[in-house]
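Inside the fold
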Number of protein chains: 2
Amino acid sequence: MPSIKVTYFNIKARAEPIRLALTIGGIAFEDERIGKEQFVSLKEQNAWPFRQLPILTVDGKIIAQSTAILRYVGKLSGLYPSDPYQAALVDMIISQVQDLEGAMKPSGAEQDQEKKLKMRSELASNVFPSMLQDLDRVIQQHGGKYAVGDSISIADLFLYQANTSYSSGAYDGIPPTLFQPYVHIQKVVAAVKTHPKVAAWEASH
Amino acid sequence: MPSIKVTYFNIKARAEPIRLALTIGGIAFEDERIGKEQFVSLKEQNAWPFRQLPILTVDGKIIAQSTAILRYVGKLSGLYPSDPYQAALVDMIISQVQDLEGAMKPSGAEQDQEKKLKMRSELASNVFPSMLQDLDRVIQQHGGKYAVGDSISIADLFLYQANTSYSSGAYDGIPPTLFQPYVHIQKVVAAVKTHPKVAAWEASH
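This write-up is about the structure you can find in this document. By convention here, each chain's residues receive numbers from 1 onward along its written sequence. To label them, take the chains in the order written and letter them from A, then take the ligands in the order written and number them from 1. Selection of residues for local features in this predicted model requires a pLDDT of at least 70, selection of side-chain atom pairs for listing and counting requires 80 or more, and totals for whole chains, interfaces and linings are taken over all residues. Calculation of side-chain values draws on the structure's entire complement of heavy atoms; hydrogens and water are dropped beforehand.

Attention shifts here to the nonpolar core. To qualify as a nonpolar core, a set must consist of buried Ala, Val, Leu, Ile, Met, Phe, Trp, Tyr and Cys residues joined through side-chain atoms within 4.5 Å. Exposed residues in this analysis have more than 50% of their type's maximum accessible area, buried residues have under 20%, and partly exposed residues fall in between, with area computed by a 1.4 Å probe over protein chains only. In terms of nonpolar packing, the biggest core is built from 140 residues, with Ile 63 and Phe 128 of chain A together with Ile 63 and Phe 128 of chain B touching the most fellow members. The contact criterion used throughout is that any non-hydrogen atoms of two residues lie within 4.5 Å. Aside from chain neighbours lying at most four places away, what touches Phe 128 of chain A is Leu 100, Ala 103, Met 104, Leu 123, Tyr 166, Ile 174 and Leu 178 of chain A.

Moving on, we come to the sheet that holds strand β1 (residues 4–8) of chain A. Residue and element names in this part refer to chain A. As summarised here, the arrangement of the 4 strands in space is β2-β1-β3-β4, forming an open sheet in which the pairing is mixed. Since the sheet does not close on itself, it has two edges, and those belong to β2 (30–33) and β4 (61–64), each with one partner. Going from strand to strand, the sheet's axes swing by 20° on average, the running direction of each strand aside. In this description, strands pair whenever DSSP reports at least two bridges between them. A run of H or I in DSSP becomes a helix once it reaches four residues, and a run of E becomes a strand once it reaches two; helices and strands are each numbered from the N terminus. Relative to strand β3 (residues 55–58), β1 runs antiparallel, the two sharing 4 bridges. All axes here are fitted lines through C-alpha atoms, helices being fitted over the stretch that makes contact, and every angle between N-to-C directions spans 0 to 180 degrees.

What follows covers the environment of Ala 203 of chain A. Turning to its location among the elements, Ala 203 of chain A is positioned in helix α8 (residues 196–204). With a relative accessible area of 70%, Ala 203 of chain A lands in the exposed category.

Residue and element names in this part refer to chain B. Within the open sheet, the 4 strands sit side by side as β2-β1-β3-β4. Their pairing is mixed. Every interior strand has two partners, whereas the edge strands, β2 (30–33) and β4 (61–64), have only one. On average, each strand axis in the sheet is tilted by 20° relative to the strand beside it, whichever way the strands run. Pairing of strand β3 (residues 55–58) with β4, which is carried by 4 bridges, proceeds in the antiparallel orientation. The residue of β4 that forms the bridge with Thr 57 is Ile 62. Seen against the sheet, helix α1 (residues 16–24) touches β1 (4–8) and β2 and runs at an angle of roughly 155° to β1.

Let us now look at the interface of chain A and chain B. Where interface size is quoted, it is often the accessible area lost as the parts come together. Facing 37 residues of chain A, the contacting portion of chain B comprises 38 residues. Here chain A packs against chain B, burying approximately 3200 Å² in sum over the two surfaces, 56% of which is carbon and sulfur. It is Phe 50, Tyr 85 and Met 92 of chain A that lose the most area in chain A upon contact with chain B, and together they represent 19% of the buried surface on that side. Between Lys or Arg on one side and Asp or Glu on the other, a salt bridge is scored when a side-chain nitrogen of the former is within 4 Å of a carboxyl oxygen of the latter. At the boundary of chain A with chain B, the tally comes to 2 salt bridges. Between Arg 51 of chain B and Asp 134 of chain A there is a salt bridge; the shortest N-O distance is 3.0 Å. Residues adjacent in sequence count toward polar contacts only when both atoms are side-chain atoms; beyond that, a polar contact is any pair of N or O atoms within 3.5 Å, and within protein one must be able to donate a hydrogen and the other to accept it. For the pair chain A and chain B, the number of links is 12 residue pairs in polar contact (both at pLDDT 80 or more). Contributing elements (two or more residues each) for the side of chain A that touches chain B: β4, α3 (66–77), α4 (84–109) and α5 (113–142) of chain A. If one sorts the elements of the side of chain A that touches chain B by residue count, α4 of chain A sits on top with 13 residues. Each of two parts loses accessible area, computed with a 1.4 Å probe, when they are put together; buried area is these two losses added.

A word on the environment of Leu 132 of chain A. Residue and element names in this part refer to chain A. Relative to the elements of secondary structure, Leu 132 occurs in helix α5. For the pair Leu 132 and Leu 178, spaced 46 residues apart in sequence, the C-alpha to C-alpha distance is 9.0 Å. When neighbours within four sequence positions are excluded, Leu 132 is seen to be in contact with Leu 100, Leu 178, Phe 179, Tyr 182 and Ile 185.

What follows deals with unusual backbone geometry. Along the chain, Leu 53 of chain A connects to Pro 54 of chain A via a cis peptide bond; the corresponding omega equals 5°. Summarising the element assignment, Pro 54 of chain A is placed in the loop between α2 (36–44) and β3. A positive phi is found at Asn 46 of chain B, a non-glycine position, where the angle reads about 60°. Examined against the element boundaries, Asn 46 of chain B turns out to sit in the loop between α2 (36–44) and β3. Here Asn 46 of chain B falls in the partly exposed class, since its relative accessible area comes to 32%. A positive phi angle, near 75°, is found at Gln 65 of chain B, a position not held by glycine. Summarising the element assignment, Gln 65 of chain B is placed in the loop between β4 and α3 (66–77).

Here is the structure:
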């Protein structure tokens, strides 16, 4: 196995699915968490491909972009299907979850707090329920114990982290109960949460 | 080979990299292009996983989300590396190009034309040049004839279509010369454009 280091801030967000995939795969890695000053300094030195974190350092070679890293570690850890159709199902679930974030961008950039909350209200009432209902149905159709069949995949970990983020109450105007009504999504969340290696990781972090 | 159908509108946009990958791979496919009325009707019938196009129909099974489809056809056509590190380089280039689109979203949602153009001006002057400069450097570092080494991949096709879109003048306030200064990006664009199967496809469409 190569020498692997995950570099990110000391938060879950974009790195946690990567850390969980490596943990589930039993792949040793350095869990580097840097502070804001170090981030600014390294960013100014142009130390990373796209001036962003997370990055993954594999035997000295750097991979950037969180979903590129997630697919890479998914392959190393057996959490990304080798069958192209099964992999496409994993990929389409990840893309749909990413689209939630994309839909948030205009409200996140809005400076006027009143306008921002109005946009968030529209997202929470109409846009997100429609997207999550579709995702729930796709998981119902293709899932078993996990989102795609009975084996845990990076799609489960990505969705699990989205559920954690949106349930945290950290997004102004988005109710932390947003993901609650979707039973197939929640089944996946529960299956990840109770996975022995995830439970052990979470107990120690 | 399975029976394959690409369903989209009669434009390039999100479907063209998929069509080009299949074409380069020599994989026969039905190139279904639907009109707005048919789109609205099928969308209301909930005919697709995420109420969006493109979709790919493979032996009757539907794959949604353009990059999930692109990875799938990339695997079928030999345009997605089987080596995980090489695949990660392809994935990180695709993600960086997607991030351009993500950065456009707030301005795309802005109703006030003056504000929108101000946001676009900031994108064109600062945000995009920084992102494209990084991308150009990554391609310089990892590329050969194409963006990752000497073999054409879905990263090349994705970047090629982005160059086409941003050079079209269709985005208010974004100069069509945005991609021009980046020599490694332009080398990839030229290599794709002159690929015999791409040239033949474009001559006939």
